[in-house]
Amino acid sequence: MKKDKEITILTGDRPTGPLHLGHYVGSLLNRVALQEKYKQYIIIADVQALTDNWEHPEKLKKNILEVALDYLAVGIDPNKSTIFIQSMIPQIAELTIFYLNLVTVARLKRNPTVKTEIQQKGFGESLPAGFFVYPVSQAADITVVKGNLVPVGEDQLPMIEQTNEIVRSFNRIYNCDVLVEAEALIPKFARLPGIDGQAKMGKSLGNAIFLSDPMDVVVEKVMSMYTDPGHIRVEDPGKIEGNVVFTYLDVFAPDSAEVEELKTHYQRGGLGDVKLKRRLIEILNTFLEPIRERRKQLAKDPEYVMNILHEGTQKALAVAEQTLQEVRKAMQLNYYNL
Ligand code: TRP
């Protein structure tokens, strides 16, 4: 990570649902730690969310509050981090339009994350142009505050790569150093699998445990978790690889010696899935309980939460306008200043 330079963090999420353990492991944990040391902006990317939810703005409206509640509940401190709403910053839309000239359709087609999403969503010939180009608008999210460190899950790496290509093109073509390149910060556990064993946890994949899930829902989800399909009887030896319960224990259990013991026992045989899952439920609930409690308290006062977003957005607006003045000048679009 950059040491000497001034670090500005820009990171964020689409408000398409409440946040889950995958978000926590992938970036929330890093953000909570980083806000102590660095200037941090967190964008609630409603415009990006619209690219595959344009018919359901009400969904975004509802989830902006949910996401904000999740942020505050896990310990994002509005006095240390600036949380803002993407659609309230018109400079991001303006930058996106400028950047679109610097990106080819062929390059956009190669973005592996977008490629996978396009397949998953089955857009086919009806692929919306807005969805196709959302990495360009994400480059605008990052550069509008001159973010140079982006804590995200590894699926976001292609976005940072594309952002940096745009930054370099812009600075070269307009012969300036207005934009700054960004570095991704990928956590140790870059990707938490879904409860069904799929590589990625996702709301739309239906395999997520949400930070706001009540106790009984967590019990149900863990009990349905993918383990080792070959582990039929308790006395049979079981497999650790691909066994989601063990992946979660690795991430969330405070005592790694205990996890090692459980692994040895499981592989030897004699440790049943139900007993193992009960232990994971305990651990997850110990972790989630204070988050749930804080979330519940905050949810009683949505105006307080929206006010935090309003103030954060005002702060981000001032920075965004400063960047755009520099951008317009570099592009010679400052016509009145002869
Ligand atoms: N694309 C990100 C996701 O799906 C969300 C996001 C939007 C983002 N703008 C961002 C992440 C800027 C980091 C930086 O999770």
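Remember, it's a predicted structure, so these values are computed and weren't measured experimentally.

I keep staring at the nonpolar core and nothing clicks. Help me out?
Side chains that are nonpolar tend, in soluble globular proteins, to be buried together. Leu21, Leu211, Tyr248, Leu249 and Phe252 are the most contacted members of the largest nonpolar core, which totals 53 residues. With residues up to four places along the chain from it excluded, the contact list for Tyr248 reads Leu21, Leu192, Pro193, Gly194, Ile195, Met201, Ile209, Met225, Ala253 and Leu280. Judged by nonpolar contacts, the second largest core, of 43 residues, contains Val144, Met159, Val167 and Leu179.

Mind showing me how you'd approach a nonpolar patch on the surface here?
Together, Met215, Val219, Met223 and Val274 give the surface a local cluster of nonpolar side chains, amounting to about 310 Å² of exposed area. For the nonpolar patch, the element with the most residues is helix 10 (residues 215–223), which contributes three residues. Tracing the sequence through the fold places Val219 in helix 10. With a relative accessible area of 33%, Val219 lands in the partly exposed category.

Just checking my understanding: could you explain the site of the ligand for this structure?
Surveying the vicinity of the ligand reveals 14 residues, the closest of which are Arg14, Gln48, Gln138, Asp141 and Gln156. Within the side chain of Asp141, one N or O atom sits 2.8 Å away from a nitrogen atom of the ligand. Residue Gln156 places a side-chain N or O atom 3.0 Å away from a nitrogen atom belonging to the ligand. Considered on its own, the ligand offers 370 Å² of accessible surface; in the complex 90% of this is hidden by protein. Contributions of two or more residues to the shell around the ligand are made by strand 1 (8–13) and helix 8 (134–144). Top element by residues in the shell around the ligand is strand 1. It accounts for four residues. For the shell around the ligand, the class distribution of residues is six nonpolar, five polar and three charged.

Each value, and the rule that gives it
Residues numbered from 1 in each chain as written. Predicted model: local features only at pLDDT ≥ 70, side-chain atom pairs only at ≥ 80, totals over all residues. Heavy atoms only, no water. Core = buried A, V, L, I, M, F, W, Y, C linked by side-chain atoms within 4.5 Å. Buried < 20%, exposed > 50% of the residue type's maximum accessible area, 1.4 Å probe, protein only. Contact = heavy atoms within 4.5 Å. Patch = residues over 30% accessible without salt bridge, like charges linked within 9 Å, V, L, I, M, F, W, Y side chains within 5 Å. Areas by Shrake-Rupley, 256 points an atom, 1.4 Å probe, with all protein chains shown as cover. Salt bridge = Lys/Arg side-chain N within 4 Å of Asp/Glu carboxyl O. Helix = DSSP H or I, 4+ residues; strand = E, 2+ residues; numbered from the N terminus. Near = heavy atom within 4 Å. Polar contact = N/O pair within 3.5 Å; in protein donor to acceptor, adjacent residues only side chain to side chain. Nonpolar A, V, L, I, M, F, W, Y, C, P; charged D, E, K, R; others polar.

Geometric values such as these leave the question of function open.
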